[in-house]
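# Structure assessment
Here are the chains, one letter per residue:
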Amino acid sequence: MGPVQAGTAQSSLCTPRGCTSPAPSDPAMPLPGHLLPILVLLLAAGSPGWAWVPNHCRIPSQAMCNFVCDCGDCLDEAQCGYHGASPALGTPFTCDFELDPCGWRDISTSGYSWLRDRAGAALEGPGPRSDHTLGTDLGWYMAVGTHRGKETATAALRSPTLREAAPSCKLRLWYHTASGDVAELRLELTHGAETLTLWQSTGPWGPGWQELAVTAGRIQGDFRVTFSATRNATHRGTVALDDLEFWDCGLPTPQASCPLGHHHCQNKACVELQQLCDGEDNCGDLSDEDPRTCGQHTATDFETDLGLWSRSEGWARNHSAGSPDHPAWPCRDHSRNSAQGSFLVSVAEPGNLAALSSPELQASGASSCSLVFYYYLHGSEAGCLQLFLQTLGSSTPQAPVLLRRRRGELGTTWVRDRVDIQSAHPFQILLAGQTGPGGVVGLDDLILSEHCRPVLEVSTPQPLPPGPRVPVLGSLPPSSRLQDFCQQGHLACGDLCVPPEQLCDFEQQCAGGEDEQACGTTDFESPEAGGWEDASVGRLQWQRLSAQESQGAGAAATGHFLSLQRAWGQLGTEARVLTPMLGPSGPSCELHLAYHLQSQPRGFLALVVVDSGSRELAWQALSSSAGGWKVDKVLLGARRRPFRLEFVGLVDLDGPDQQGAGVDNVTLRDCSPMVITKRDREVSCNFERDTCSWYPGHLSDAHWRRVESHGPEHDHTTGQDPLARGHSAHLLSRPQVPAVSTECLSFWYYLYGPQIGTLRLAMRREGEDTHLWSRSGTHGNRWHQAWATLSHQPGSQAPYQLLFEGLRDGYHGTMALDDVAVRPGPCWAPDYCSFEDSDCGFSPGGQSLWRRQANASGHTAWGPPADHTTETAQGHYMVVDTSPDALPWGQTASLTSKEHRPLAQSACLTFWYHGSLLSPGALQVHLEEGRRHQVLSLSAHEGLAWQLGSVEVQAEQAWRVVFEAVGTGVAHSYVALDDLLLQDGPCPQPGSCDFESGLCGWSHRAWPGLGGYSWDWGGGAAPSRYLQPPVDHTLGTEAGHFAFFETGVLGPGGRAAWLRSEPLPATPASCLRFWYHMGFPEHFYKGELRVLLRSAQGQLAVWGTGGHRRHQWLEAQVEVASAKEFQIVFEATLGSQPALGPIGLDDVEYLAGQHCQQPAPSLGDTATPVSVPAVVGGALLFLMLLVLLGLGGRRWLQKRRSCPFQSNTEATAPGFDNILFNADGVTLPASVTSDP
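In what follows, the accompanying structure is described. All values derive from a computational prediction rather than experimental measurement.

Cut-offs applied
- Along each chain, the written sequence defines residue order, and numbers are assigned to residues from 1.
- In view of the model being predicted, local features appear only for residues whose pLDDT reaches at least 70, and side-chain atom pairs are presented and counted only at 80 or more, with totals across whole chains, interfaces and linings using the full set of residues.
- The basis for the side-chain values is all heavy atoms of the structure; hydrogens and waters are excluded.
- Should DSSP find at least two bridges between two strands, the strands are taken to pair.
- Secondary structure is summarised from DSSP: a helix means a run of H or I of at least four residues, a strand means a run of E of at least two, and numbering begins at the N terminus for each.
- Relative accessibility thresholds used throughout: buried, under 20% of the residue-type maximum; exposed, over 50%; partly exposed, between the two (1.4 Å probe, protein chains only).
- Stacked, tilted and edge-to-face pairs are distinguished by plane angle, under 30 degrees for stacked and over 60 for edge-to-face with tilted covering the rest, among Phe, Tyr and Trp rings (Trp via its six-membered ring) whose centres lie within 6.5 Å.
- Our definition puts a charge over a ring when NZ of Lys or CZ of Arg is within 6 Å of the ring centre and also within 35 degrees of the ring normal.
- Within this scheme, the nonpolar core is defined by two criteria: the residues are buried Ala, Val, Leu, Ile, Met, Phe, Trp, Tyr or Cys, and they are joined through side-chain atoms within 4.5 Å.
- Every residue pair with non-hydrogen atoms within 4.5 Å of one another is taken to be in contact.

The next subject is the pairing of strand β12 (residues 194-201). Where strand β11 (residues 184-191) meets β12, 7 bridges bridge the pair, whose relative direction is antiparallel. Across the sheet, the residue bridging to T190 is T195, located in β12. Taking the residues that link successive antiparallel strands as the turn, the β11-β12 hairpin has 2 residues, and the phi of G192 there is positive, at about 65°.

So, on to unusual backbone geometry. In this chain, G583 is followed by P584 through a cis amide linkage whose omega measures 10°. Here P584 is to be found in the loop between β36 (575-578) and β37 (590-598). Of note, F506 is a non-glycine position whose phi angle comes to about 65°, a positive value. Locating F506 in the fold gives a position in the loop between β32 (496-498) and β33 (533-534). We classify F506 as buried; its relative accessible area is 16%. Backbone geometry places F835, a non-glycine residue, at a positive phi of 65°. Inspection of the secondary structure puts F835 in the loop between β53 (832-833) and β54 (843-844). Residue classification places F835 among the buried residues on the basis of a relative accessible area of 1%.

Right, let's get into the packing of aromatic side chains. Applying the stated criterion across every chain yields a total of 33 aromatic pairs. Where F747 meets Y749, the ring centres are 6.5 Å apart and the plane angle is 55°; that geometry is what we call tilted. By the burial criterion, F747 is buried, and Y749 matches it. Among the aromatic side chains, those forming a connected cluster through ring pairs are W694, F747, Y749, W773 and F804. Above the plane of the ring of W140 lies R116, whose end atom (NZ or CZ) is 4.1 Å from the centre. The residue whose ring lies beneath R639 is F643, and the NZ or CZ to ring-centre distance is 5.8 Å.

Counting residues in each nonpolar core, the largest one holds 46 residues, and the members touching the most others are W114, L187 and F227. Apart from residues lying up to four places away in sequence, F227 is in contact with W114, A155, A156, L157, L173, Y175, L185, R186, L187, W199, V239 and L241. F506, L593, A606 and V648 belong to the second largest nonpolar core, which has 41 residues in total.

All right, on to the sheet that holds strand β62 (residues 960-966) then. Pairing is antiparallel in the open sheet, where 5 strands are placed in the order β54-β57-β62-β59-β60. Of all strands in the sheet, those bounded by a partner on one side alone are β54 and β60 (931-939). Here strand β57 (residues 892-896) runs beside β62; their pairing, made up of 5 bridges, is antiparallel. The residue of β62 that forms the bridge with T892 is V966.

In structure tokens:
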């Protein structure tokens, strides 16, 4: 998001109706002093549609909103949504809706309408859970909500008035809907009296954000773009729209002189020589297509007839207006960019050739005869256009020579190409189109250069070559050609006809392996090139070259390779090359390759997996000056659906040095789903060498990745771990056969961040998942070890898989795994048990009265209504019925843990317990270390809240803990247990914590309605992705620990995060003492820390402060009194605008029954108790703001300048932006993961 440029002192106030300024003859009268504050407040309020517009850059109105920054600060584009300085070369004008609607307006005529919205504004509903720009619930987009009416309605969103789009202009946007939500989506462009349908779809649509890219083409004058959604009685109508990008839409600007190899237009713009006489207005004034320059060219635009190209078979001249109802049909021609314009389209049956031939031509003199033509391939991957050269007049008949071949899906756009022909003999140019099922092949604007002279005597042309499956880079061997007895699209090998779905599926059907040839694996020595097909539409293309043809540092010593070369296309900059459809693949599938890349300052090489319209970036190499050949490998993993691989490359061939890129020796290994390798049996893995038998699932919207970590995200071993990003991710093991009936799985996990979510472990057997372990919420900035016992039927050989599943609650946090190991035998008892996934090995004694349950139905006979872990009815806990029918008075029911490992030092075992309202039973705690001894006896507390219990444990041998419930003799009584935790060190006092070992009894679980944010735990020694205090207060060093919250994750309108104590008994007077740290750099940006008391009587704020001071721990003391049982809550929130800044908390001490003793005054290290948040600082800041705005308003009134320019467009503000695709701190153009 570009910064908003500050205006100069010479400003005018503009509204949607125009600019207001006094008449020149009016005297400059000062504003009365009593009105100035009112004007300042009005200006500060920022009424919608009003904007400050500097007038130091005066331009004509027709130069506004033309995708060119005529003013140095680009304010001439501000009325159409662009903010900031002039965009860098190659980046789009973008509207991401983060600041405002960018001038896009709802023009709906019903209640079904568009509005600017944010996922975080509504916790429920069918809309997206995040925007596309930020990928979080804090980002903004345009949306239409669910419409309750039954009538058909259309919601239309219209752009501001835009002007003068270049021929290469492309619009790219992202939309979010689901099949069944809307009846139709449509994108239209209105120019003059004509409205073009650029795109229309009735679905089905995939989940998540979907990309749409369309070419607008050359538009003279004003135009508008409209995106509309239509709903009816059976569709709810929920749609969202984000990140509208206009690529390459600006016309060239006037220059005093042009570089070498360029043409100076009449309007002083510069265009490349190859753009002269190409049928497109590249200059912007048509001077590059001037008849004086292009009069000797022969152009056929098919508006009236076929011109020189009269020999036609299978082609028909047509236009879009009134065309057949065909979804792949061009919506307009190329010549006029209009639905009324005409073009050629193939009407031959799918699989048959449509042939078009030129007259007999002769190249004049030593010059080349050049043909520029525009073609359209859309709707089918099987569509194909070939250009042949047929030499005539020689003594021996010559076979046609293939000069161009394009195949596949190139989108809804006309693509330019050019061939240069040098021939001593007369010749004909033959264009052959072959449509695939549901596809269209089109031609328009065939332009022969002045050196192509028609020959009056036309020789008999040779027949067109047969049409076939010819790959882009050569011919298939005769053995692989289709035979008559096989259906179209099937491959004949021997007596077999292999259907298309079995080609390139990594399972050999033909004895000679013909069905697995041309399937991606290649050294590029064969003209087949492994089936890789160039799909570029811009200035670069992928081409198979020999070492002799290549130049520069990337040249191969011998043989052939795939190289980036110049092309004649006019759309986009990057080049693409794809495989045929591959797979499905197995979990061990890898791609190995050799590559070179030399491109500075920008350039990249990437591998993308294309699966059912979605695009996943699998590998990348960034701009480099090295240029030598390197080798690498990419884990593709198991993919249940067929997919294609695509290399995307971008280099600046006109840049300094010898820039270029190439790919060679591409090999797909172990991709069959049936392949089993030695690595597949390696469940134990430290991820240093590779991922062993673990592979990422690809059916969710995020993936686990093995990464090398530096600094903050260090791994547990030495530096690498698989990292989960996004909303949900799966990591699976290869199927394993049990070695013994009981195994222990150990691993280290990392859950860190204010919205991290849940990490879950399950065992999958015969399609069913059994949950073994889970953790939710942040666990501090450190690694933790966990164990889970794998139980199998004795003697069973049934294979199983292990599945780690990451589920995010929000968009701020890091989740990682490391050092997974499996050993025979059971695990020790876990250090933590929430009972969410299992009973953690606890065994009930006697009559098995203890049981694990949840109260999701609300009809359980006994037990608390919600558990302690999740605080919901869906959560689990252990409970025992202590009523006389189940447990007579005085008798006990025991619950015994598995064996715990011996302890090297004393530890604290904490647990949460709950009793019934009427006469709950007693709960006794015993430790067994050879013999049993009681360590605690307490009465299950009456009340609605869970209570915290703790026991100090010292055990040099293996030991168990035993909980015993004692019968009460009262009906409907119970005792429940939840959240057992064993931590090193002594047990803290209630309500107190120094945070050295953790959060003690304080709960940081996100509170419903506050946005799902959590306090965290950390220390200065561990690098963190979040701002935090550099040292703690307890030790005063980086080695110490504290609780903290980084308020920057709250965003605009963010809520708060709570840190809650255990329930504390009622008190007439007690003292809460703590140390806090606030690190906000500016007076205008500060967080707030408040202390709340929560009880059955309600919620009371007893202390609060806001601050911006850095590197200083401050002490605070608060008098606490409550007539009921209560909790202490530390609330972190923002006092004003969003800002990066941590709030730290340390050495919390609750002194029950004691009054606070005020310490001696010191130099600013103490905050005195208060009952309400301080507001003096805020008042001072507000007063300063009024003064500054008042001075600005007075200066404006003194100047009384006229309006810098008039515009009849809507007053819109801001939005065009420079957005680059960002992955792991590496910046790539957004087109890397975009459809062509």
